[in-house]
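The residues making up each chain are set out below.
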Amino acid sequence: MLLLAAARARHAPGRWALAAAGIGVAVGLLGAATGGGGVAGERAARALVAALPAPERTVRVTWNGGLPPGVEARGRATLRALAPGAQTSSVLLLATVLQQPRPGRPRSVVQLAAIRPLGRWVRLAAGRLPRSCTAKRCEVLALGGPRAPAVLERDRTRFVTVGRGTLRSTVPLGFVPRPPIAGQIAEARPKALLASGDPAALEAQPALDSVFRSHGWSAPLAADAVPSWELDALRRRIERAGTTLRAQEDGFTVEAPTEALGAARERAREARRRVVVVGAGAAALLAAFTLLVAGALRRDLTAERSRLERLGARRWQRGALSLAECAWPAGLGCLGGAALALGITAARARGAGLDVRALLGHSLLTPGAALGLAACFVVATGLLTLGAAPRRAGAGRAGDVLALGAAGAVALALSRGGAAPGGDDPLALLLPPLACLAAGLVVGRLAAPGLGGLEALARRGPLSLRLAALGLAREPGGPALTIAVVAVSAGLACFAAAYAATLDRGVRDQAAFAVPLDVTITQGPQFVPPLVAAGTARWRELAGGGPVLAVKRTSVTVPRGARRVELPLIGLPAAALPTLRGWRDADASASRAVLARRLAPAGAVRARGRLIGAGARTIAATADVTQNSVDLVAHLVDADGSGVAVRLGTAGPARRRLRAVLPRGAAGRRLVALELQLPSGLRATDGHQEAENPSSRGVISGRLTLRGLSVDGQPIDVNGWVGRGPAADPVTRAGTTRAAFRFEPADRAFLRPAQPTDGRAIPVLTDPETARNAAPGGLLPISVRGTPLRARVVGTVKRFATVGADADGVLVADESAVRVALSADAPGTGRPDELWLGVAAGAPERRLLGALHAGPLATLRAVSRRDVEAAQRAEPLTRELALTLGLAALVALVTAAVGVVLAGAVALRDEGAALYDLEALGVAPATLRADVRLRAALVAALGLLGGLAIGAGLLGLVVAAVGVTATGAAAVPPLVTVVPWGASLAVAAGLALAVALGTAITTRRAFGQDVPARPAGAVP
């Protein structure tokens, strides 16, 4: 039988060529998707690692304390084994006191460091780099903080500043010096950083022996050049090296981006899964097209089996012939498809700059891929054998069983989490083909009785329609199979188009969720708020007159049942709520306009307090305190909520006049509070006692008497002021104000004017769970970093722009109400942290972004919505999915068209005798050609209708089960199913055009020729 099958193949190789081609294309598409997923995974992993900031792409070995012999050698050797790149060594000393070599010898508190090589990490602004560091004279470079004297000394060692510059990165020391903030308390101000270029020389300075220091050695980790399948091994090697080093010397620590390496490895795995989930639809085409081709070749193989039966061949011999004839095109198609996939993957890997051999060895040339190819061969051979076998009465029941099995597998995949992100369930990858197979079998099963009903409806129609419907209903098996194939193919094409449109909509939604307007401005490494770097007028000018929204972002603690949770609080102008992108009305309890009205406070909310005039110089007050001494600090707050603290002095038992010079920039601010603080000396003593005995925490109590509070001699009316925190409400009589207080050192006590938010609850939007736990009337007690406030829930939102899915909920409030409420009880904390800018029409966004690269705005960080969207579209996985979906749609469309044309040719061949009998009875050839063409049109139309239903169902099923973006991450906000009607109409039009052309070509000369003695059943 094998020899006979080989002889028949050599005699008529074209008989099975279409089957082999269809199988090859399907296997090639599936293999190309698998290889493309590997390419996308490698590119995604490398992009993720390369996008890390330089400090996070570095391995750093740190040693705290003095440097015993051998420690540096062990640290450097460990670092060299993990990251063989150029090393940077550093030593950082704690802040220490140096003196000026001049009469009076004023002292300066500075921080000394040394970095080698220094020039690589600094941007020189003036002077030169240090050249030497000896026991008598050590040259240093000023790298930030307040300016220190040019020459300082300690124990006869002079530290001479030879230049000024800034650190380019946090890699050498782990931080970048921050500039001092106006009004900042002295203890919290940054210290001047002076850096040498010789760590060993600074370490050897005898004058600094008593100063604690830490040593660091760092080198870049070239993880972006490591294949993703080796990232786990690299991460384990780093962790093992750190453990070994700490076991040798307890003072060592090893820092490396191990979490980022794990995330990159998972990104690569997820990329492969996502692309294969989409490409696995080719398996459904494999099954459908194989059955269709096998049905077209059934007649020839049945005739050969009958001939062998008459010659005495046994049943197993006839079955062996069928199996052999079906195996070789299946094998040829699978091998050709595998070769096609290997070639495509190799070309794409080479184009992406990847190691072709290594990538193929971990994607297509693996035992799993070989098993998959073998499974494709077995499935293709079995389907060809089943389709080419003579029809039996139980075939329908077998199809029903197969459909039920596929539907059960789909249900099992969904019950086990479907294709959830990060899932390893193998059924997740088979979800699209299983759903296609089940839907195709159902369509094929329903098509046969549907064709009978169509014939009954067409009995009163035109002759061509009656003939076409009758021909389809007389032998419904073949047309039903064709309808099923067209339905599966068209469904896959519609699904591909709709899934691509859904992912495209998801990209836009993700970008809008991250940047609600056009550009978001936040603090940069220097922690300078946007409104400190430039005023609102300047930002509005840069935005071309577009909206400029000041946004306060902080965290709040809210009660939720028996526990308290920390949620993000977003304060923004309530009137701007309807203009924000990135959140949907379906996620809220009311429309945006309604929520904006509910959120807006009644009337304008402005901080109250004495306005500091432009020429104001000093602020003064006469004060005394019973029992204890306290520092008095005046808090001046700007219109945007930024604060300046001015220390008046210490008030004790003796009455004294306290006076302070107002800092530069105090004009235009308001005096919003006087704070009572424990004197710094007493704070240190109290902290020392508490460290030794926690139960010794003291309580500071007394009564403050205040008189003559004034600015430049102009009195300030404190009548009506209130006490906050542990300070009681003051009582003012005859110009004298008295207020009792009782607080612990950690408490904050204030005397301040009454504010518009006092006694009122701030309207907020919150998540449904938090709203359910609110008190009657929607009241919600919240705490903002220890400052208690009251909120009132006026609406709910499931999610809100810029708040990630990892948050337990969210609170949204009006920015002015939040600013005034926070400035009242915690002056200076109400300042906005962000700006959301809307670029006006016609204004170049690049001009705005360009202004952030120079001058005072260079310290800020800007994120553009368009840039976020472009970055997501440029993601390797996004592009790979778009390519795979496009190829799947094209192959599905071609498969459907070829299936319909092939089915028409088979019908023309099998019913040739009946059609020529009709021609002999006088039916016009044009009518017969119309009959055949109409059959193809009806089959294509019914299959297309079924395909639209399959595509919609498959899209809803896969999107609901997957629920991830094109990058493989969970979609926030969730994906919205998009039905691209234009693309669906294009699929239908393309299929109709291909069917019309194909049937016109096959029937062009089928009738009307003078052939009087045509044998029955002859193929035209």
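Residues numbered from 1 in each chain as written. Predicted model: local features only at pLDDT ≥ 70, side-chain atom pairs only at ≥ 80, totals over all residues. Heavy atoms only, no water.

**Q** Residue-level account of the overall build of the chain, with values.
**A** Secondary structure summary: the chain contains 28 helices and 32 strands in total. Of all 1020 residues assigned to the chain, the portion counted as buried reaches 50%. Sequence-distant contacts in the chain: of pairs separated by 6 or more residues, those separated by 24 or more amount to 78%. About 45100 Å² of surface is accessible on the chain, with carbon and sulfur atoms providing 58% of the total. (Helix = DSSP H or I, 4+ residues; strand = E, 2+ residues; numbered from the N terminus. Buried < 20%, exposed > 50% of the residue type's maximum accessible area, 1.4 Å probe, protein only. Contact = heavy atoms within 4.5 Å. Areas by Shrake-Rupley, 256 points an atom, 1.4 Å probe, with all protein chains shown as cover.)

**Q** Give me the lowdown on the nonpolar core, citing residues and values where you can.
**A** By size, the foremost hydrophobic cluster in this structure holds 36 residues, and its most contacted members are Ile619, Leu676 and Leu709. Listed in part, the 24 residues of the second largest apolar core include Val59, Val61, Trp217 and Ala264. (Core = buried A, V, L, I, M, F, W, Y, C linked by side-chain atoms within 4.5 Å.)

**Q** Quick rundown of the packing of aromatic side chains? Include the residues and the values.
**A** Aromatic ring pairs are reported here in terms of the distance separating the ring centres and the angle at which the planes meet. The tally for this structure, following the rule as stated, stands at 2 aromatic pairs. The interplanar angle of 40° and the centroid separation of 5.7 Å between the aromatic rings of Phe741 and Phe743 together place this pair among those described as tilted. (Phe/Tyr/Trp six-rings, centres within 6.5 Å; stacked < 30°, edge-to-face > 60°.)

**Q** Can you tell me about the state of the cysteines, naming the residues and giving the values?
**A** All chains considered together, the criterion is met by 1 disulfide. Cys334 takes part in no disulfide bond, and the closest cysteine sulfur, belonging to Cys376, lies 5.7 Å away. Among the residues examined, Cys376 registers a relative accessible area of 13% and is labelled buried. (Disulfide = S-S within 2.5 Å.)

**Q** I'd love a proper account of the environment of Arg107, names of residues and values included.
**A** Locating Arg107 in the fold gives a position in strand β4 (residues 107–116). Its relative accessible area of 61% is what places Arg107 among the exposed residues. Ignoring any residue separated from it by four or fewer positions in sequence, one finds Arg107 in contact with Val97, Leu98 and Gln99.

**Q** So, the environment of Leu112: which residues are in play, and what are the values?
**A** Along the polypeptide, Leu112 turns up in strand β4. Sequence separation of Leu112 and Leu94 is 18 residues, and the distance between their C-alpha atoms is 7.3 Å. Residues contacting Leu112, with those up to four places away along its chain left out, are Val91, Leu92, Leu93, Thr96, Leu98, Phe159, Leu194, Leu202 and Leu208.

**Q** Pulling in residues and values, what's your account of the confidence of the model for the chain?
**A** Residue-level pLDDT values for the chain average 79, and 80% of them are 70 or greater. Under a pLDDT of 50 for its full length, residues 418–427 has, in the predicted model, 27 contacts with residues more than four places off or in other chains. This stretch, residues 1010–1020, has a pLDDT under 50; its non-local contacts, to residues over four places away or in other chains, come to 13 contacts. (pLDDT = per-residue confidence, 0-100.)

**Q** How would you summarise helix α5 (residues 231–248) if you had to cite specific residues and measurements?
**A** When the terminal C-alpha atoms of α5 are compared, their 26 Å separation across 18 residues agrees well with the 26 Å that a helix rising 1.5 Å per residue should span. When α5 is considered as a whole, its buried residues turn out to be Leu231, Asp232, Leu234, Ile238, Ala241, Gly242 and Leu245. (Expected span 1.5 Å × (residues − 1).)

**Q** Give a detailed account of unusual backbone geometry, specifying residues and quantitative values.
**A** For the bond running from Arg116 to Pro117, omega is 0°, close enough to zero to count as cis. Mapping Pro117 onto the fold places it in the loop between β4 and β5 (122–127). Here Arg156, not a glycine, exhibits a phi torsion of approximately 70°, which is positive. You can see Arg156 is positioned in the loop between β7 (151–154) and β8 (157–167). The class of Arg156 is exposed, set by a relative accessible area of 77%.

**Q** Now, about the packing of helix α3 (residues 71–82) against α5: what can you tell me, with residues and values included?
**A** Packed helix pairs are specified by the crossing angle of their axes together with the interaxial distance, meaning the distance between the axes. Relative to each other, α3 and α5 sit at 170°, their axes nearing to 11 Å. The orientation of α3 with respect to α5, classified from their angle, is roughly antiparallel. The residues of α5 that touch α3, namely those facing Arg74, Thr78 and Leu82, are Arg237, Ile238, Ala241, Leu245 and Gln248. Taken together, the residues that form the contact of α3 with α5 break down as 4 nonpolar, 2 polar and 2 charged. (Axes fitted to C-alpha atoms, helices over the stretch in contact; angles between N-to-C directions. Parallel < 35°, antiparallel > 145°, perpendicular 65-115°, else oblique. Nonpolar A, V, L, I, M, F, W, Y, C, P; charged D, E, K, R; others polar.)

**Q** So, the pattern of salt bridges: which residues are in play, and what are the values?
**A** Side chains carrying opposite charge are able to pair once their charged atoms draw close together. By the definition in use, this model includes 36 salt bridges. Residue Glu834 pairs with Arg553 through a salt bridge whose shortest N-O separation is 2.5 Å. Taken as a pair, Glu834 in strand β31 (residues 834–837) and Arg553 in strand β13 (residues 548–560) lie far apart in primary sequence, 281 residues in all. Where Asp624 meets Arg655, a salt bridge forms, and the shortest distance between an N and an O atom there is 3.9 Å. Placement of the pair is Asp624 in strand β16 (residues 618–625) and Arg655 in the loop between β18 (643–651) and β19 (656–661), with a sequence separation of 31 residues. Linked through salt bridges whose partners overlap, the residues forming this network are Asp232, Arg235, Glu239, Arg265, Glu266 and Arg269. (Salt bridge = Lys/Arg side-chain N within 4 Å of Asp/Glu carboxyl O.)

**Q** Hey, could you go over a nonpolar patch on the surface for me, with residue numbers and the actual values?
**A** On the surface, a nonpolar cluster with roughly 300 Å² of combined accessible area is contributed by Leu18, Leu890, Val894 and Val898. With 3 residues, the single largest contributor to the nonpolar patch is helix α25 (residues 876–910). In this structure, Val894 sits in helix α25. (Patch = residues over 30% accessible without salt bridge, like charges linked within 9 Å, V, L, I, M, F, W, Y side chains within 5 Å.)

**Q** How would you summarise the packing of helix α16 (residues 477–514) against helix α24 (residues 865–873) if you had to cite specific residues and measurements?
**A** Taken N-terminus to C-terminus, the directions of α16 and α24 make an angle of 140°; their axes are 8 Å apart at the nearest point. Relative to α24, α16 is oriented so that their crossing is right-handed. Here Asp504, Val507, Arg508, Gln510, Ala511 and Ala512 of α16 lie close against α24, whose contacting residues are Arg865, Val868, Glu869, Gln872 and Arg873. Here the contact of α16 with α24 is composed, by residue class, of 4 nonpolar, 2 polar and 5 charged. (Left-handed = near helix turned anticlockwise from the far one by under 90°.)

**Q** Explain helix α19 (residues 592–599) to me, using residue names and the numbers behind them.
**A** Among all positions in α19, only Arg592, Leu595, Ala596 and Leu599 are buried. Considered in projection along α19, the buried side chains sweep an arc of 105° and stay on one side of the axis. On the buried face of α19, the contacting elements are β27 (762–766), β29 (787–796) and β30 (811–814). (Arc of directions from axis to C-beta.)

**Q** Describe in detail the side chain of Ser218, supporting the description with residues and values.
**A** Relative to the helices and strands, Ser218 is located in strand β10 (residues 213–220). When near neighbours in sequence (up to four residues on either side) are disregarded, Ser218 contacts Thr58, Val59, Arg60, Leu79, Ala86, Gln87, Thr88 and Val171.

**Q** Outline the pairing of β27, supporting the account with residue identities and numerical values.
**A** Of all 5 residues making up β27, 5 are buried, and the element is well covered by its neighbours. Where burial is concerned, the two faces of β27 agree: the one with Ile762, Val764 and Thr766 and the one with Pro763 and Leu765 are both buried. Where β27 meets β29, 5 bridges bridge the pair, whose relative direction is parallel. Within β29, the position partnered with Ile762 by the bridge is Ala791. (Pairing = 2+ DSSP bridges.)

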